[in-house]
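Chain and residue survey
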Amino acid sequence: MTVATAGHRTPAGPEPAGVDNRLVVGGATLTWRTLPLPVLPDPSAVLAHSAVHALTAARQHAVYGTELLLSTASRVDAAMRTELLDAGFTVSVLDDDGAHPSVPPRRRAAEPGRLWLLTSGSTGRPKRVGHTLDTLTTVRADQPDRTWLCPYAPGTYAWWQVVTLSLTQPGQHLVVVEPDELDDWPTVAATHGVDAASGTPTFWRRTLYRDAAALARVPLRQITLGGEPVDQAILDQLRDIFPAARISWIYASSEVGASIVVHDGRAGFPVDWLDRETPGRPTLSVVDDELVVTSPFHGAGLAGPVRTGDRVQVRDDRVLITGRLDSDEINVGGSKVSAGVVRGVLAEHPAVAWARVTGRRAPVLGRMVVAEVVLAPTTHLDTAEAALVRWCADRLPEYAVPRRIRVLTEIPVKESLKSDV
């Protein structure tokens, strides 16, 4: 790689503590210290050509404090590029030949140390949320040495969580996989000694579906899930393969940071965590079935209670996140159905590798529940729809039972590693 270096600018502070951690990216083994530093205008919106270019931009920010928004080109459409230029960012495509900038119509003073994240866009167009390396760094206690897999799209909140861990903690090495390596990541991970991996539930389900035996060969000691609702079925499947690993579920977002961390192997979080005020930790509340978070790790301008847009249900001693408020609830003839609850019931069937539940317009009822499923590779279910409808009918009210179940041949996944947005 021939990225131009950053010249003689004055560093913003001392080198990050993880500067000598090992990085495996793009077929090369490097360290943070040996990454070339690109020349970036200040402020910059960087569209990284590949994972290694994204890492160079992150290192450049850590060294010089350049105001930075980092993304892939696919997440920033023409309208968003115009918005960024109008907001005073130089928008640069970063590749092996350096930064290729588009200059804003009006320059402005940069805000030193500011990092901008784009939200997922699940409620509309992505928005910019301001952070710093400090607010993105939520793991501060000393950690056992780990080699982490990073499968996330550059610049997302989940990507920054893994990257800041490696930047700020000695002994936290990083193996980054590109999108075209995603289906074969267990082979890459086993080759480079990955023992910790973070991914969405869809990421883990897809891996189990494609090659569970290859996954079992990765010596994982830490498994992290986040970014989507987590059901008991996927937690149990991972526990069966990795009985000695710590399995963690994390609730985090660009707006409120990492707010919930659960290690007990059960879906949801304990109900007694609600409304518990602890200095330095988020406070969790439920208002009108919506999760509300007051967090010290919030984005700029979001102090105080933040309505997350995520729907929750309190069941016995657990608080379960079932999905987005605007899409989880299906009104069937006046009866309210949680798509997440129906999805969870389908996922509990041993023949189901993945499920998605939505509402469809229907005469008389207004809406009816429908589903898509991917069956486990070893399943021989000749009448899958009928069998799964019976399964749901034994566990759900009649109005919540899917009226149509379509079988897909592959688990769909987006760049976000999710299948629901």
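Look up: the structure comes first, before these words.
Residues numbered from 1 in each chain as written. Predicted model: local features only at pLDDT ≥ 70, side-chain atom pairs only at ≥ 80, totals over all residues. Heavy atoms only, no water.

**With respect to the overall build of the protein chain**
The number of helices and strands found in the protein chain is 10 helices and 24 strands. In terms of overall dimensions, the protein chain has a C-alpha envelope of 70 × 45 × 40 Å along the principal axes. The long-range share in the protein chain, meaning contacts at least 24 apart out of those at least 6 apart in sequence, stands at 61%. Summed over all atoms, the accessible surface of the protein chain reaches about 18,500 Å², with 52% contributed by carbon and sulfur. In the protein chain, which carries 43 positive and 48 negative side-chain charges, the distance between the mean positions of the two groups comes to 2 Å. (Helix = DSSP H or I, 4+ residues; strand = E, 2+ residues; numbered from the N terminus. Contact = heavy atoms within 4.5 Å. Areas by Shrake-Rupley, 256 points an atom, 1.4 Å probe, with all protein chains shown as cover. Lys, Arg positive; Asp, Glu negative; His and termini not counted. Charge placed at Lys NZ, Arg CZ, Asp CG, Glu CD.)

**Here's the deal with the packing of helix H1 (residues 51-64) against helix H4 (residues 157-168)**
Viewed as axis vectors pointing N to C, H1 and H4 meet at an angle of 60 degrees, and their least axial separation amounts to 12 Å. Put simply, H1 runs oblique to H4. Here H1 runs over H4; the crossing is right-handed. Here Ala54, Leu55, Ala58 and Ala62 of H1 lie close against H4, whose contacting residues are Trp159, Trp160, Val163 and Leu167. When its residues are assigned to classes, the contact of H1 with H4 shows eight nonpolar, no polar and no charged. (Axes fitted to C-alpha atoms, helices over the stretch in contact; angles between N-to-C directions. Parallel < 35°, antiparallel > 145°, perpendicular 65-115°, else oblique. Left-handed = near helix turned anticlockwise from the far one by under 90°. Nonpolar A, V, L, I, M, F, W, Y, C, P; charged D, E, K, R; others polar.)

**Remarks on the environment of proline 41**
Mapped onto the elements, proline 41 comes out in the loop between strand S2 (28-31) and strand S3 (44-48). Residue proline 41 is classed as partly exposed on the basis of its relative accessible area, which comes to 28%. Distance from proline 41 to leucine 136, taken between C-alpha atoms, is 22 Å for residues 95 residues apart in sequence. The contacts of proline 41, once residues within four sequence positions are left out, are Thr66, Thr90 and Ser92. (Buried < 20%, exposed > 50% of the residue type's maximum accessible area, 1.4 Å probe, protein only.)

**Re the pattern of salt bridges**
Pairing between side chains of opposite charge can happen when their charged atoms approach one another. Under the criterion given, the structure shown has 19 salt bridges. A salt bridge links glutamate 410 to arginine 210, with the nearest nitrogen and oxygen atoms 2.8 Å apart. Taken together, the positions of glutamate 410 in the segment after strand S24 (404-408) and arginine 210 in helix H6 (residues 201-216) put the pair 200 residues apart, joining distant regions of the chain. A residue is classified by how much of its surface remains accessible, and glutamate 410, at 30% relative accessible area, is partly exposed. Residue class for arginine 210 comes out partly exposed when judged on its relative accessible area of 38%. (Salt bridge = Lys/Arg side-chain N within 4 Å of Asp/Glu carboxyl O.)

**Considering the side chain of glutamate 67**
Relative to the helices and strands, glutamate 67 is located in the loop between H1 and strand S4 (68-72). When neighbours within four sequence positions are excluded, glutamate 67 is seen to be in contact with Asp42, Pro43, Ser44, Phe89, Arg108, Ala110, Glu111, Arg114 and Trp116.

**Here's the deal with the sheet that holds strand S18 (residues 306-315)**
Strand order across the open sheet formed by five strands is S15-S19-S18-S17-S16, with antiparallel pairing between neighbours. The open sheet is flanked by strand S15 (269-270) and strand S16 (283-287), the only strands paired with a single partner. Pairing of S16 with strand S17 (residues 290-294) involves five bridges; the strand directions are antiparallel. Bridged to valine 286 within S17 is leucine 291. (Pairing = 2+ DSSP bridges.)

**With respect to H4**
The terminal C-alpha atoms of H4 lie 16 Å apart, and with 12 residues this matches the ideal 16 Å at 1.5 Å per residue to within 8%. The element H4 is extensively covered by neighbouring structure, given that 10 of its 12 residues are classed as buried. Every buried residue belonging to H4 is among Tyr157, Trp159, Trp160, Gln161, Val162, Val163, Thr164, Leu165, Ser166 and Leu167, and all of these are buried. (Expected span 1.5 Å × (residues − 1).)

**Some points on the nonpolar core**
Of all hydrophobic cores here, the largest spans 76 residues; its most connected members are Leu55, Trp159, Leu174 and Trp204. Among residues more than four places away in sequence, those in contact with leucine 174 are Arg22, Leu23, Val24, Trp32, Leu55, Trp148, Cys150, Val162, Val163 and Ser166. Counting 22 residues, the second largest nonpolar core, distinct from the first, contains Val342, Val369, Trp391 and Ile405. (Core = buried A, V, L, I, M, F, W, Y, C linked by side-chain atoms within 4.5 Å.)

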